[in-house]
Structures are given as structure tokens and as C-alpha cells.
Amino acid sequence: TAARWAGITGCSAANHKEKASELKTFIMEELFSDETGMFHDIWSVSDSKIRVKTFEGAVWPLVTGAASQEQAERVIDESLLNPKRFFSPHPITTVSMDEPLFELRMWRGPVWNCMTMWAARGCMRYGRKDAAKKILEKALDAISFQFEKTGTVWEFYNPFMGEQNAVARKPYTPYNVPCRDYLGHMPAVAMAEIWDSI
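In this report, the structure presented in the accompanying data block is examined. (Residues numbered from 1 in each chain as written. Predicted model: local features only at pLDDT ≥ 70, side-chain atom pairs only at ≥ 80, totals over all residues. Heavy atoms only, no water.)

The next thing to look at is the overall build of the chain. Looking only at helices and strands, the chain has seven helices and two strands in total. Taken from the N to the C terminus, the helices and strands of the chain come in the order α-α-β-β-α-α-α-α-α. Taken along the three principal axes of its C-alpha coordinates, the chain extends 55 × 40 × 35 Å. Looking at the chain residue by residue over its 198 residues, the buried ones come to 46%. At a minimum sequence separation of 6, the contacts of the chain that also span at least 24 residues come to 55%. Taking the average place of the 23 positive charges on the side chains of the chain and the average place of its 25 negative ones, the gap between the two points comes to 2 Å. (Helix = DSSP H or I, 4+ residues; strand = E, 2+ residues; numbered from the N terminus. Buried < 20%, exposed > 50% of the residue type's maximum accessible area, 1.4 Å probe, protein only. Contact = heavy atoms within 4.5 Å. Lys, Arg positive; Asp, Glu negative; His and termini not counted. Charge placed at Lys NZ, Arg CZ, Asp CG, Glu CD.)

And the structure:
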């Protein structure tokens, strides 16, 4: 992006392009775990005791194009479309369902549809329209199901399509359920448009 801005403003983009290339190499070579088939933070990638499979490691390297094609294929097939990891009845979970730290609490497992949309876009970047379609179709059906059941859209969702009051925010918050009528994390129209384009 900085390189594109530099070109628009008439400045040299060479330094930005070089940094982007270095960062992509770093992500591909240093942050990918062959064991998990996902990307992780540098401090945890080689230590299984502290390594956690989260949506960040399954989504952002694909969205930004920082994964190799082979790495992207593994992330998509082994994580995003895996019903034991992120492909819940309402995809995608924020933490892999096979992690001991997974729970139905804010950012520990529930679904944020904005992240689901980005997961689909990452799949499409790597030519996996089939995966994007599966993710979006399942998520849109789940959103519709909860809307029919509750009459509203939610800040985040129960990945198992259970009761929304079974999903918690943070222990210290007085209103300990997802916000109702919350459009800030609800790109359903964009998700439907992407699905329709496939």
C-alpha cells in the first residue's frame, strides 16, 4: 500500500517494495509451522507448549498474499475447511476448536463475521473460490438462522448455532453477552456479494 501511495504522489516506491518483499519472505520462512500447517507469532511458532491456533494465523497471511501457494493450500484445507479446527456450523471460529483454550467467550472461540469475510477473501486470493463459497454459504445460512430465531444481528456469534446468551463477552463486563443490533462487525451484504460473484 505504501508503494502504491508513493507512486500516486510521485515518490520512489523502491524502498517500500523492498520492505514488503522482505516481510513476505520473513512470514513465509519464519512464521509458518509445518506441524500445524498454519502461521504463528514468532515467539510461539516453534514451541508447541505456547503455540495456539487462532484465526490470525489462518487468515491474514492469505489476505495479504504473504503465504506461498503451498502454505495457503494447507491453511485452507487443514484449518479453514476443517470441522475440527475453524469450520464450525457457523464459520470461522476465532480460536481453533481443537485448542484447550477454546471457549465460548469473546475472542476465544465465537465467530466474528468480519473475520469470516476476510477468510473468504484470502481463499479467493489463492484461487480457492470453492473454499470461499463453502465458508460464505455456511456463514450466511447461520446468520439467517439466528436472525429468524432472535430477530436481530449480533456483534459476534455462537459457532455451534446455539443460544446467543451462551456466548460470553469478558468476565468483568456487566452486560456479558454479545451486543444486539450490532452492525459494526456484520458485513453480510459484502459476504453475499462475494458469494454471488463466485
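This brings us to the environment of Ser197. Structurally, Ser197 is set in helix H7 (residues 188–197). Spatially, the C-alpha atoms of Ser197 and Lys129 are 9.7 Å apart, while their sequence positions differ by 68 residues. Polar contacts involving the side chain of Ser197 include one to the main-chain carbonyl oxygen of Ile194, which spans 2.7 Å. (Polar contact = N/O pair within 3.5 Å; in protein donor to acceptor, adjacent residues only side chain to side chain.)

Moving on, we come to the nonpolar core. Membership of the largest hydrophobic core comes to 45 residues, with the highest contact counts inside it found for Val59, Leu62, Leu80 and Ile92. Looking at this core, the elements with two or more residues in it are strand S2 (38–39), helix H3 (55–64), helix H4 (69–80), helix H5 (113–125), helix H6 (129–150) and H7. The residues touching Leu62, leaving out its near neighbours within four places in the chain, are Ala67, Ala72, Val75, Ile76, Leu80, Gly122, Cys123, Arg125 and Tyr126. (Core = buried A, V, L, I, M, F, W, Y, C linked by side-chain atoms within 4.5 Å.)

Evaluation of the coordinates by the stated rule reveals six aromatic pairs. Ring centres 5.9 Å apart and planes at 25° place the aromatic pair Phe55 and Trp107 in the stacked group. A residue pair is termed long-range when its members are at least 10 positions apart, and Phe55 in helix H3 and Trp107 in the loop between H4 and H5 qualify at 52 residues. Owing to a relative accessible area of 6%, Phe55 belongs among the buried residues under this scheme. Taking relative accessible area as the criterion, Trp107 reaches 33% and is therefore assigned partly exposed. Both rings, one in Phe102 and one in Phe160, keep their centres 6.0 Å apart while their planes meet at 65°; by these two values the pair is edge-to-face. One end of the pair, Phe102, is in the loop between H4 and H5; the other, Phe160, is in the loop between H6 and H7, with 58 residues separating them in the sequence. (Phe/Tyr/Trp six-rings, centres within 6.5 Å; stacked < 30°, edge-to-face > 60°.)

Moving on, we get to the pattern of salt bridges. For the structure shown, the criterion picks out twelve salt bridges. Taking the shortest distance from any N to any O, the salt bridge between Arg85 and Asp98 comes out at 3.8 Å. With Arg85 in the loop between H4 and H5 and Asp98 in the loop between H4 and H5, this residue pair connects regions lying 13 residues apart in the sequence. According to the relative accessible area criterion, Arg85 is buried, its value standing at 12%. (Salt bridge = Lys/Arg side-chain N within 4 Å of Asp/Glu carboxyl O.)

To continue, consider the side chain of Glu99. Relative to the helices and strands, Glu99 resides in the loop between H4 and H5. For Glu99, a relative accessible area of 10% corresponds to the buried category. Reaching out from Glu99, the side chain makes a polar contact with the backbone nitrogen of Lys53 at a distance of 2.9 Å.

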